[in-house]
Amino acid sequence: MGRFEDKVAVVTGAGAGIGKACALAIAREGGRVVVADIDGSAAIACTAQIASKADRALASATDIADAHAVAALFETAERHFGGVDLLVNNASAMHLTPRDRAILDLDLAVWDQTLATNLRGTLLCCRQAIPRMIARGGGAIVNMSSCQGLSGDTAQTSYAASKAAMNMLSASLATQYGHAQIRCNAVAPGLIMTDRLRAKLDECTQRHLRRHQLLPRVGRPDDVAALVAFLLSDDAAFITGQVVCIDGGMLAHVPTYADGGNSRAAQPSGETAEADASPRC
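Criteria and cut-off values
Residues numbered from 1 in each chain as written. Predicted model: local features only at pLDDT ≥ 70, side-chain atom pairs only at ≥ 80, totals over all residues. Heavy atoms only, no water. Helix = DSSP H or I, 4+ residues; strand = E, 2+ residues; numbered from the N terminus. Contact = heavy atoms within 4.5 Å. Areas by Shrake-Rupley, 256 points an atom, 1.4 Å probe, with all protein chains shown as cover. Lys, Arg positive; Asp, Glu negative; His and termini not counted. Charge placed at Lys NZ, Arg CZ, Asp CG, Glu CD. Salt bridge = Lys/Arg side-chain N within 4 Å of Asp/Glu carboxyl O. Buried < 20%, exposed > 50% of the residue type's maximum accessible area, 1.4 Å probe, protein only. Core = buried A, V, L, I, M, F, W, Y, C linked by side-chain atoms within 4.5 Å. Axes fitted to C-alpha atoms, helices over the stretch in contact; angles between N-to-C directions. Parallel < 35°, antiparallel > 145°, perpendicular 65-115°, else oblique. Left-handed = near helix turned anticlockwise from the far one by under 90°. Nonpolar A, V, L, I, M, F, W, Y, C, P; charged D, E, K, R; others polar. Pairing = 2+ DSSP bridges. Right-handed = clockwise from strand over helix to strand, strands pointing away.

Caption draft 1: The overall build of the chain, seen in detail. A tally of helices and strands in the chain yields 9 helices and 7 strands. Principal-axis analysis of the C-alpha atoms gives the chain an extent of 70 × 45 × 40 Å. Taking as baseline every contact in the chain between residues at least 6 positions apart, the subset at least 24 positions apart corresponds to 73%. When the accessible area of the chain is evaluated, it comes to approximately 13,800 Å², of which 54% is carbon and sulfur surface. Of the charged side chains in the chain, 26 are positive and 28 negative; the average position of the first set lies 3 Å away from that of the second.

What follows is the structure, given as structure tokens:
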């Protein structure tokens, strides 16, 4: 038997990328999954991959920024599968990130829309899931944060703020409902190469980001899904209120790491050292 036999999971933003990988991972271990995504056709395509049995997955076209749509999502999950045990809050307003700039250049509409989806939408899903989990004796929630919620950047102000707030929302939820056997953790991915991100990042930017990782490859959606599945499972039964980074070590080192750190021995010599000290993409 898999770790999620007889469990019902709602996964938002599950039409592609990390959310889809999470939905597939839960289903592989026996869970029944409600695949929610603002793109209904993507949600349907994901459910088609989950299992040959029609009762193992359900697609839902849902905008989590809409309170009525979120209520309908969880009502449908309860009606179709009998309740909710697991929740993965992965949906995020990624389409806004190209317009998410530094504070003085930021369009307030981008700020409002980003927080409406990333933060308020996550809260709405939690508020719908918690009573249903209590009715079933407990449950587990994973909120998809980001390394950008843990460190500053030159842009993506709204996104970073929403993810930092999500970390505290996760700690608050864990504190307030732990007595009801509900666990909540946040996962903070670094450079995870989804199809969407690959299309958005040019090779120069990808090389720059990879220089700051400690591991010699970029992350994959399945890497994050494996961590999420662990945190949702009974294997993590005593873990709650945590923010777990999965970033290939991007936030684990001193800022000078990519330029040789602080050790003279680590620095190349001669002309190579001078070349390496210059800005690189």
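Caption draft 2: View of the pattern of salt bridges. On inspection of all chains with the given rule, the structure shows 10 salt bridges. We note a salt bridge from Arg-207 to Glu-203, for which the minimum N-O separation is 3.9 Å. Remark: Glu-203 and Arg-207 occur in helix H7 (residues 203–211); sequence separation between them is 4 residues, near one turn of the helix. Assessed through its relative accessible area of 36%, Arg-207 is described here as partly exposed. Overall, the relative accessible area of 39% leaves Glu-203 in the partly exposed class. With a shortest N-O distance of 2.9 Å, Asp-223 and Arg-217 are connected by a salt bridge. Among the charged side chains, a network of salt bridges with common partners joins Arg-3, Glu-29 and Asp-235.

Caption draft 3: Quick look at the nonpolar core. If you look at the biggest cluster of nonpolar residues, it comprises 34 residues, and the most contacted ones within it are Val-187, Val-228 and Leu-232. Those elements that provide at least two residues to this core are strand E1 (8–12), helix H1 (17–28), strand E2 (32–37), helix H2 (40–50), strand E4 (86–89), strand E5 (139–144) and helix H8 (221–232). Sorting elements by how many residues they give to this core places H1 first, with 8 residues. Beyond its immediate chain neighbours, meaning those up to four positions away, Val-187 contacts Val-142, Asn-143, Met-144, Ser-145, Ser-146, Val-224, Leu-227, Val-228, Leu-231, Val-244 and Ile-246. Counting 25 residues, the second-largest nonpolar core is a separate cluster that includes Ile-64, Phe-81, Cys-126 and Cys-184.

Caption draft 4: Seen up close, the packing of helix H3 (residues 67–81) against helix H4 (residues 108–135). Following both chains from N to C, one finds H3 and H4 inclined at 30°, their axes separated by 9 Å at the closest point. The pairing of H3 with H4 is recorded here as roughly parallel in orientation. In this structure, the crossing between H3 and H4 has a hand that is right-handed. From H3, Ala-67, Val-70, Ala-71, Phe-74, Glu-75 and Glu-78 reach across to H4, where they touch Leu-124, Cys-125, Gln-128, Ala-129 and Arg-132. Residue composition of the contact of H3 with H4, grouped by class: 7 nonpolar, 1 polar and 3 charged.

Caption draft 5: Local environment of the packing of H4 against helix H5 (residues 157–177). Look at H4 against H5: their axes get within 9 Å of each other, and the N-to-C directions meet at 20°. On the basis of the axis angle, H4 is roughly parallel to H5. Of the two elements, H4 crosses H5, and the hand of that crossing is right-handed. Residue-level contacts link Val-110, Trp-111, Thr-114, Leu-115, Asn-118, Leu-119, Thr-122, Leu-123, Cys-126, Ile-130 and Ile-134 of H4 to Thr-157, Ser-158, Tyr-159, Ala-161, Ser-162, Lys-163, Ala-165, Met-166, Leu-169, Leu-173 and Tyr-177 of H5. Considering only residue class, the contact of H4 with H5 consists of 15 nonpolar, 6 polar and 1 charged.

Caption draft 6: Inspection of the pairing of E5 at higher detail. Within E5, 6 of the 6 residues are buried, leaving the element largely enclosed by the surrounding structure. Residues Gly-139, Ile-141 and Asn-143 of E5 are buried on one face, and the alternating residues Ala-140, Val-142 and Met-144, pointing to the opposite face, are buried as well. Here E4 runs beside E5; their pairing, made up of 4 bridges, is parallel. Within E5, the residue paired with Asn-89 across the bridge is Asn-143. With H4 bridging E4 and its parallel neighbour E5, the resulting β-α-β unit is right-handed. Two strands pair when backbone bridges link them, and E5 and strand E6 (residues 182–189) are joined in this way by 6 bridges, in the parallel orientation. Residue pairing in the sheet places Met-144 in a bridge with Val-187 of E6.

Caption draft 7: View of the sheet that holds E4. Spatially, the 7 strands line up as an open sheet ordered E3-E2-E1-E4-E5-E6-E7, and their pairing is parallel. Here the strands that pair on one side only, and so sit at the sheet edges, are strand E3 (57–61) and strand E7 (243–246). Adjacent strand axes in the sheet meet at a mean angle of 15° when their direction is disregarded. By the bridge criterion, 5 bridges tie E1 to E2 in an arrangement that is parallel. Within the sheet, the bridge partner assigned to Ala-9 lies in E2 and is Val-33.

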